[in-house]
Amino acid sequence: MRIGTHQAGPPAPGDRPEDLPVDSAWTNQMPGGWDPLALLAAHGPGELELGTAIVPTYPRHPVALATQALTTQALVGGRLTLGIGPSHAWHVTDQLGLPYTSPAAHTREYLEVLRPLLRGEHVRHAGEHFTVDIRLDQPVAPPPVLLSALGPRMLRVARDLADGVLATWCTPELVERHLAPALGEGARIVVSAMVVLTDDPDAARAQVEEAFGAASRMPAYRALLDRGGLAGVGDTAVVGSVEQVLAQLTRLRDAGATDLVLAVLGPPADRARVHEVADGLRG
């Protein structure tokens, strides 16, 4: 089990991922937010695995993403793990004005172009979504590629073309019964968990739902929540005392998660405490 931390932006003084007992630091592309690959490149060489969870595919041509990923890989000394996914229609179409058509087919073709480019191969591809005839000349090791995959079709794409999946708003039962059986032996299952230390778990779940409840209405997440019989994303939060949080994280590990990425709500002291407790799950 590997433990990671969520990095929302440039680290504040005294609150760096490198100061926590973790194996990895992960960041994502929020609409209007920081560029995740540039943010990770700022770390420079070091020890922690650095991952994107995720870079949306529709706004970036696979050649452009492969170029940037290999550049970041070189700058961080080969520590990058590239997490990608199609994102959601409300962002791709409503905010960016791009067609959000056939996300599973689009993602499969995207990976068919992206992965050999990362390996330094000359890609000649003429498909429904991309036409490419190019080789990238960046002599660095290709980063592993993970896919944001929740539904059956996207999980098949991940099984066929990625090194594993990235999942959020996911319970131990969903990991064990839905994600793990759909993937091949040895696939990584990286689960992001929203964590709140509290003596009022119901209030904490309501807090998560209030802050992030829009995700409960997004089709991909809604289908996952319905599959687990959950009302909203608040029901997936890891909440309670230190002992209760540790027990819930342990259940995620035992269900098949290979990695936990912890996003801790609350003051920096809570973040440090949760990671201190989760340190026992590493190894």
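Criteria and cut-off values
Residues numbered from 1 in each chain as written. Predicted model: local features only at pLDDT ≥ 70, side-chain atom pairs only at ≥ 80, totals over all residues. Heavy atoms only, no water. Phe/Tyr/Trp six-rings, centres within 6.5 Å; stacked < 30°, edge-to-face > 60°. Helix = DSSP H or I, 4+ residues; strand = E, 2+ residues; numbered from the N terminus. Buried < 20%, exposed > 50% of the residue type's maximum accessible area, 1.4 Å probe, protein only. Core = buried A, V, L, I, M, F, W, Y, C linked by side-chain atoms within 4.5 Å. Contact = heavy atoms within 4.5 Å. 1 Å grid on protein atoms, 1.4 Å probe; cavity = no way out; pocket = protein on both sides within 12 Å on 5 of 7 lines; lining within 4 Å. Points joined across faces, edges and corners; volume = space filled by probe spheres on them. Nonpolar A, V, L, I, M, F, W, Y, C, P; charged D, E, K, R; others polar.

### Focus: the packing of aromatic side chains
Then, number 1: Scanning all chains against the criterion turns up 3 aromatic pairs.
Then, number 2: Judged by centre distance (5.9 Å) and plane angle (50°), the rings of tryptophan 169 and phenylalanine 212 are tilted. Note that tryptophan 169 is positioned in the loop between β9 (164–168) and α6 (172–182) and phenylalanine 212 in helix α7 (residues 201–212), a separation of 43 residues in sequence.
Then, number 3: Given the relative accessible area of 9%, tryptophan 169 is considered buried.
Then, number 4: Using a relative accessible area of 31% as the deciding quantity, one classes phenylalanine 212 as partly exposed.

### Considerations on the nonpolar core
Then, number 1: Judged by nonpolar contacts, the single largest core of 77 residues is most densely connected at Leu82, Leu114, Leu147, Leu249, Leu260 and Leu262.
Then, number 2: Counting residues per element, this core draws most heavily on helix α4 (residues 103–118), which supplies 7 residues.
Then, number 3: With residues up to four places along the chain from it excluded, the contact list for leucine 260 reads Met1, Arg2, Ile3, Gly4, Val191, Leu249, Leu252 and Leu281.

### Observations regarding the layout of surface pockets
Then, number 1: The calculated volume of the second largest pocket comes to roughly 160 Å³.
Then, number 2: Lining the second largest pocket we find Cys170, Thr171, Pro172, Glu173, Arg205, Asp235, Thr236, Ala237, Val238, Gln248, Arg251 and Leu252.
Then, number 3: Sorting the residues of the lining of the second largest pocket by element identifies α6 and α9 (242–255) as the ones contributing at least two each.
Then, number 4: When the residues that make up the lining of the second largest pocket are grouped by side-chain class, the tally is 5 nonpolar, 3 polar and 4 charged.

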